[in-house]
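One-letter residues, chain by chain:
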Amino acid sequence: MAQGILVIAEQRRGVLSPVTQELIGAARAIKNDVGGAVSVAIIARDPASLAEGARLDGVDEVLLLPVTADEFQPDLHVAAAMQAVSERDPSLILAPHSVDGWGYAAALAVQADAGFATDVFAIQVDAGEVTAVRGAYGERAHALLEFPGRDRVLLALRPSAFPAAEGAADSTVTELSVPETAARSRHLEFIDPPSEGGVDIPGAEFILSIGRGVGEEDNVEEFAELAEQMQAVLGCSRPIADAGWLPKARQVGYSGKTASSCKLYLALGISGSVQHLAGMKHVENIIAVNSDANAGIFNVARYGVVGDMFEVSKELRQHFE
Ligand SMILES: Cc1cc2nc3c(=O)[nH]c(=O)nc-3n(C[C@H](O)[C@H](O)[C@H](O)COP(=O)(O)OP(=O)(O)OC[C@H]3O[C@@H](n4cnc5c(N)ncnc54)[C@H](O)[C@@H]3O)c2cc1C
């Protein structure tokens, strides 16, 4: 009978992605309830070079699966992961809900005959039965899922939703050979994305971000001027970028940019959806202005103003004149 957890590590250009530690953290938290060992599969041209980074607290075994491609290739990834599944027979497989994860997880679930869910941000295991919570309807609802009759479940976990594993462990390292597999696509080269007009959200230390509270396109200019006066980089939530009121390069969040260097984030008229928070909730100093006292953004804000962003803008513009 299937037992144990198989974590599929993610690496990009020879470096383990942070989500790998989160997958291991999630595995560690439920290890005792699932039963069996936690194995981490590293699929790369030179997996041995990444093994140390996966030997973290909770990991029993690191599996090295060498493949012939330097960059992510879905067919090779599925074949390699399937090799680990065949040899370890895990009851739970954890993969990242990431661009690469989207490229192979569904195919792997089919081949591994596993129940499957994407965008999972909570897992429970009760008497061996796995239930998972995932986002639904653009986060307007959460969906609780079970996997009746399945010996095996594959969950693609949302980045930043699980605490990262820490602390080195004495995990064993085993190399498995991956069967020769025909790849149906081939990586040619990386291409620089179109210029973002000098907008650098990841590098900005002070971001003034506007959301749908801005009301209409004509009002955006006022906040662009305010940002300039305050020497902040102007950011926005997705609806503002989707509407074309500001370029996509200014969007903060899950499908936008991460405010990686930010020390002060001023959120004006932003509700605080989980997708927006994904790009900024880590910032130490968040100041939120929202007319709704129950807005979720206040849960992550150090300082909050329940009020009108236009009133606050007026005051600030006088102050910074
Ligand atoms: C796959 C996926 C990826 C996504 N990626 C992103 C992403 O990267 N970034 C992102 O931002 N969203 C993203 N979203 C969208 C996200 O779910 C939310 O819809 C979005 O963040 C909401 O933007 P908002 O807060 O500006 O708008 P709303 O949720 O409409 O909030 C507007 C807020 O303004 C307040 N307000 C109104 N008038 C005023 C006023 N005069 N003064 C002060 N406050 C006022 C309201 O009380 C409200 O809280 C994504 C969604 C999906 C499904």
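Placed above this text is the structure.
Residues numbered from 1 in each chain as written. Predicted model: local features only at pLDDT ≥ 70, side-chain atom pairs only at ≥ 80, totals over all residues.

Asks: Lay out the overall build of the protein with the relevant residues and their values.
Replies: Along the protein, the regular secondary structure elements total eight helices and 16 strands. C-alpha atoms of the protein, sized along the principal axes, occupy 70 × 45 × 35 Å. Sorting the 321 residues of the protein into buried and exposed places 42% on the buried side. For the protein, restricting intrachain contacts to residue pairs at least 6 apart in sequence, the fraction spanning at least 24 positions comes to 65%. (Helix = DSSP H or I, 4+ residues; strand = E, 2+ residues; numbered from the N terminus. Buried ≥ 20, exposed ≤ 12 C-beta atoms within 10 Å, placed from the backbone. Contact = placed C-beta atoms within 7 Å.)

Asks: Just give me the short version of the site of the ligand, but keep the residues and values in it.
Replies: Near the ligand, the surroundings consist of 29 residues, among which Gly-211, Gly-213, Ser-237, Gly-253 and Ser-271 are the closest. When residues of the shell around the ligand are traced back to their parent elements, those giving at least two are α6 (238–242), α7 (274–277), β15 (285–290) and α8 (309–319). Class assignment for the residues of the shell around the ligand results in eight nonpolar, 16 polar and five charged. (Near = placed C-beta within 6 Å. Nonpolar A, V, L, I, M, F, W, Y, C, P; charged D, E, K, R; others polar.)

Asks: With reference to specific residues and values, describe the nonpolar core.
Replies: Residues Val-7, Ala-41, Ile-42, Leu-94 and Leu-154 are the most contacted members of the largest nonpolar core, which totals 59 residues. The element contributing the most residues to this core is helix α3 (residues 74–88), with seven residues. Ile-42 has contacts with Ala-9, Gln-11, Pro-47, Leu-50, Ala-51, Ala-54, Val-62, Leu-63, Leu-64 and Leu-65, leaving out every residue within four places of it along the chain. The next biggest cluster of nonpolar side chains, apart from the first, holds 34 residues, and it includes Ile-207, Tyr-265, Ala-267 and Ile-297. (Core = buried A, V, L, I, M, F, W, Y, C linked by C-beta atoms within 7 Å.)

Asks: Run through helix α1 (residues 18–34), naming residues and quoting values.
Replies: Residues separated by three or four positions in an α-helix point in the same direction, a consequence of the helix having 3.6 residues per turn. Taking 1.5 Å of rise per residue, 17 residues should cover 24 Å, and α1 covers 24 Å from first to last C-alpha, within 8% of that figure. At Arg-28, α1 is deflected by roughly 35°, the largest bend along its length. Taken as a whole, α1 has its buried residues at Val-19, Thr-20, Gln-21, Glu-22, Leu-23, Ile-24, Ala-26, Ala-27, Arg-28 and Val-34. One or two positions beyond α1, positive phi appears at Gly-35, with a value near 85°. (Expected span 1.5 Å × (residues − 1). Bend = angle between axes of the 7 residues up to and from the residue.)

Asks: Go over the sheet that holds strand β8 (residues 129–136) with me, naming the residues and quoting the values.
Replies: An order of β9-β8-β7-β10-β6-β1-β4-β5-β11 is seen for the nine strands of this open sheet, with the pairing classed as mixed. Sheet topology places β9 (141–146) and β11 (172–175) at the edges, where each strand pairs with a single neighbour. Pairs of neighbouring strands in the sheet enclose a mean axial angle of 30°, with direction left out of account. In the packing of α3 onto the sheet, the strands contacted are β1 (5–8), β4 (38–44), β5 (61–66) and β6 (92–96), and the crossing angle to β4 comes to about 155°. (Pairing = 2+ DSSP bridges. Axes fitted to C-alpha atoms, helices over the stretch in contact; angles between N-to-C directions.)

Asks: Go over the environment of Val-125, please, and point to the residues and values.
Replies: Note that Val-125 resides in strand β7 (residues 115–126). For Val-125, a count of 20 C-beta atoms within 10 Å translates into the label buried. Look past the residues within four positions of Val-125 in its chain and what remains in contact with it is Ile-30, Asp-33, Val-34 and Val-130.

Asks: Describe the sheet that holds β15, and please don't skip the residues or the numbers.
Replies: Here five strands make up an open sheet; going across it, the order is β13-β12-β14-β15-β16 and the pairing parallel. The outermost strands of the open sheet, each flanked by one partner alone, are β13 (233–236) and β16 (303–306). Between one strand axis and the next, the sheet turns by 15° as a mean value, whatever way the strands run. Two strands pair when backbone bridges link them, and strand β12 (residues 206–210) and strand β14 (residues 264–268) are joined in this way by five bridges, in the parallel orientation. Looking at the pairing, Leu-208 lines up with Leu-266 of β14.

Asks: Pulling in residues and values, what's your account of the packing of helix α5 (residues 220–230) against α8?
Replies: The N-to-C vectors of α5 and α8 enclose an angle of 35°; their axes lie 10 Å apart at closest approach. The interaxial crossing formed by α5 with α8 has left-handed handedness. Residues Glu-222, Phe-223, Leu-226, Gln-229 and Met-230 of α5 form the contact with α8, whose participating residues are Ser-313, Leu-316 and Arg-317. Grouping the amino acids of the contact of α5 with α8 by side-chain chemistry returns four nonpolar, two polar and two charged. (Left-handed = near helix turned anticlockwise from the far one by under 90°.)

Asks: Please set out the environment of Ser-39 residue by residue, giving values where relevant.
Replies: Structurally, Ser-39 can be placed in strand β4. Residue Ser-39 is classed as buried on the basis of its C-beta count, with 25 C-beta atoms lying within 10 Å. Note: C-alpha distance between Ser-39 and Gly-14 (25 residues apart in sequence) is 20 Å. Residues within four places of Ser-39 in sequence aside, it is in contact with Gly-4, Leu-6, Asp-60, Glu-61, Leu-63, Ala-84 and Arg-88.

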